[in-house]
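Fold and contact review
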Amino acid sequence: MNRETLYSIRMRAAHHGQHVSGAERVVSADKIDQSVHSLTVRAKRKIPHPHQIVITIESLQELPVRAVTALDVVTVNASDMTAGRSSASTLLQGLGIAQAAVHQAMVCLARGPAPSGGNMRGAMIIDAETGRRLEPDQERGLRATRFDWSDEAYGEVDGMLTGAGLTHFRIREALALATKVAHAPHVLAELCWSDDSDYFAGYVASLRTGYVRFPVLKPEHDSHGGRAIFVDRIGLDMSALRRYLQQDVVLISSVGAIRRSLEPENILESINTD
Ligand code: WAQ
Ligand code: MG
């Protein structure tokens, strides 16, 4: 069967070699120019202004496309950072991640997970049992690419999220990324909070819980953040995980549900036990 050729567009921007912004898209040929434009506008708005903006455009013509459904979305009514982190930690432990591994991930995200002290361009990969970091390059991390909403699903999710008061573009992007990551082999869960000093929300995501949002996971004016992907090390093939995250093409072709918000003490109810 013939399908329209899709293109992967990646943007990364750096200031004196330090990562400041990145984004990825999968689009049809007629949307390339518009996407590149919006990505450069976004990079140039960053403070500090990047010295370098790299845009990569690749044809995905030969590659199979996997269609998946977006994770369901639920918000936890935890109003401050302490309650948010504690509830996120309970949830991650409910998914089988050792307390020490959760702690280790949170410490890293809070101080900037790169060994040099800053944020990483990609994610940490953390052994859910021991907390050990497994990503091959700890300065850079593993970056998930080649995922996006299909045009139809994008229109639908945008309407749904807006209807639920979730209007920030970061939510649509993070939900897409979390959906790709959750479908990865051997991934138990992901923990994320933004590195932007004016954005405090974060999430725990997994196939069993969906995308569980916490309105505050970090202090104000803090520009440290990142992503931790917890894996079950037994049988893990790191190169297969890497290939899936970086090379396999995932289009989110249908939306999930927006569920009723949860109180922090009921956080474990978000875990599907089927
Ligand atoms: N693959 C792996 N890691 C990534 C990627 C990627 N494609 N993109 C970003 N990261 C890592 C990187 O270390 C960044 O420093 C960090 O994540 C944070 O990225 O529901 O905005 O773009 O309200 O700042 C989550 C909550 C927002 C949204 C996340 O992340 C909501 C966010 P940012
Ligand atoms: Mg950011």
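Now for a look at the structure at hand. (Residues numbered from 1 in each chain as written. Chains lettered and ligands numbered in written order. Predicted model: local features only at pLDDT ≥ 70, side-chain atom pairs only at ≥ 80, totals over all residues. Heavy atoms only, no water.)

**Brief notes about the site of ligand 1**
Here is the rule we go by: If even one non-hydrogen atom of a residue comes within 4 Å of a molecule or strand, that residue is called near it. In the analysis that follows, any N or O atom pair within 3.5 Å is treated as a polar contact, provided that within protein one partner can donate a hydrogen and the other can accept it, and provided that, for residues neighboring in sequence, both atoms belong to side chains. In this description, accessible areas are obtained by the Shrake-Rupley approach with a 1.4 Å probe, and a residue is regarded as covered only by the protein chains that are shown.
Around ligand 1, a shell composed of 24 residues is seen, among which Met120, Arg170, Asp195, Tyr199 and Tyr211 lie nearest. A distance of 2.8 Å is found between a nitrogen atom of ligand 1 and a backbone nitrogen or oxygen belonging to alanine 144. At 2.5 Å, a side-chain N or O of aspartate 195 approaches an oxygen atom of ligand 1. Calculation on ligand 1 without its partners gives an accessible area of 710 Å², and the protein chains cover 94% of this total.

**Details of the pattern of salt bridges**
Keep this limit in mind: We define a salt bridge as a side-chain nitrogen of Lys or Arg found within 4 Å of a carboxyl oxygen belonging to Asp or Glu. The way it works is that DSSP assigns letters per residue, a run of H or I at least four long becomes a helix, a run of E at least two long becomes a strand, and they are numbered from the N terminus. Exposure classes here rest on a 1.4 Å probe applied to the protein chains alone. A residue is buried below 20% of its type maximum, exposed above 50%, and partly exposed in between.
In the structure shown here, the tally under the stated rule is 13 salt bridges. A salt bridge links glutamate 24 to arginine 143; the shortest N-O distance between them is 2.9 Å. On the criterion of sequence distance, the pair formed by glutamate 24 in strand E2 (residues 18–28) and arginine 143 in the loop between strand E6 (124–127) and strand E7 (147–149) is long-range, its members being 119 residues apart. Both residues of the pair, glutamate 24 and arginine 143, count as buried. Here aspartate 196 ties to lysine 46 by a salt bridge, and the two come within 2.8 Å at their closest N and O atoms. Residue aspartate 196 is found in the loop between strand E8 (187–193) and strand E9 (202–206), and its partner lysine 46 is found in the loop between helix H1 (32–44) and strand E3 (52–59); the two are separated by 150 residues along the sequence. Just as aspartate 196 is buried, lysine 46 falls in that class too. Within the structure, one salt-bridge network assembled from shared partners comprises Arg10, Glu58 and Arg146.

**Digging into the coordination of the magnesium ion (ligand 2)**
Perfect tetrahedral coordination of a metal by four donors corresponds to 109.5 degrees between them, and perfect octahedral coordination by six donors corresponds to 90 or 180 degrees. The test is simple: Note: metal donors comprise N, O and S atoms at 2.8 Å or less from the metal (3.2 Å for Na, K and Ca); water molecules are not included, so apparent gaps in a site are possible.
Within the protein, the magnesium ion (ligand 2) binds to Asp195 (OD) and Asp196 (OD); these donor distances fall in the range 2.1 to 2.2 Å. Using a relative accessible area of 25% as the deciding quantity, one classes aspartate 195 as partly exposed. Note on aspartate 196: relative accessible area 12%, which makes it buried.

**A closer look at the side chain of threonine 179**
Heads up, the rule is: Here, residues are in contact when the closest pair of their heavy atoms is within 4.5 Å.
Residue position: threonine 179 is located in helix H5 (residues 169–182). Excluding its chain neighbours within four sequence positions, the residues that come into contact with threonine 179 are Val68, Thr69, Ala70, Leu71 and Ile252.

**Section: the sheet that holds strand E4 (residues 65–69)**
Note: strands within a sheet are paired through backbone hydrogen bonds, in either parallel or antiparallel orientation. In plain terms, the rule: When DSSP finds two or more bridges between a pair of strands, those strands are recorded as paired. Angles run from 0 to 180 degrees between N-to-C directions of axes, and those axes are lines fitted to C-alpha atoms, restricted for helices to the stretch in contact.
The strand order E4-E12-E7 describes an open sheet built from three strands, whose pairing is parallel. Of all the strands in the sheet, the pair left with one neighbour each is E4 and E7. In this sheet, adjacent strand axes meet at a mean angle of 30 degrees when their direction is disregarded. Inspection of the sheet shows E4 paired to strand E12 (residues 249–254) by five bridges, in the parallel sense.

**Topic: the packing of aromatic side chains**
To keep it simple, the criterion reads: Each aromatic pair joins two rings of Phe, Tyr and Trp (for Trp, the six-membered one) with centres within 6.5 Å, and gets the label stacked for planes under 30 degrees apart, edge-to-face for over 60, and tilted for any other angle. Consider the ring centre and the ring normal. A charge sits over the ring if Lys NZ or Arg CZ is within 6 Å of that centre and within 35 degrees of that normal.
Applying the stated rule across the entire model yields one aromatic pair. The ring of tyrosine 244 carries lysine 180 above its face, with NZ or CZ at 5.2 Å from the centroid.

**Re the state of the cysteines**
Which entries qualify depends on this criterion: Throughout, disulfides are identified as pairs of cysteine sulfur atoms within 2.5 Å of each other.
Under the defined criterion, the tally for this structure stands at zero disulfides. Free cysteine cysteine 108: the closest other cysteine sulfur is in cysteine 192, separated by 14 Å. For cysteine 108, a relative accessible area of 2% translates into the label buried.

These results come straight from atomic positions and should not be treated as a statement about function.
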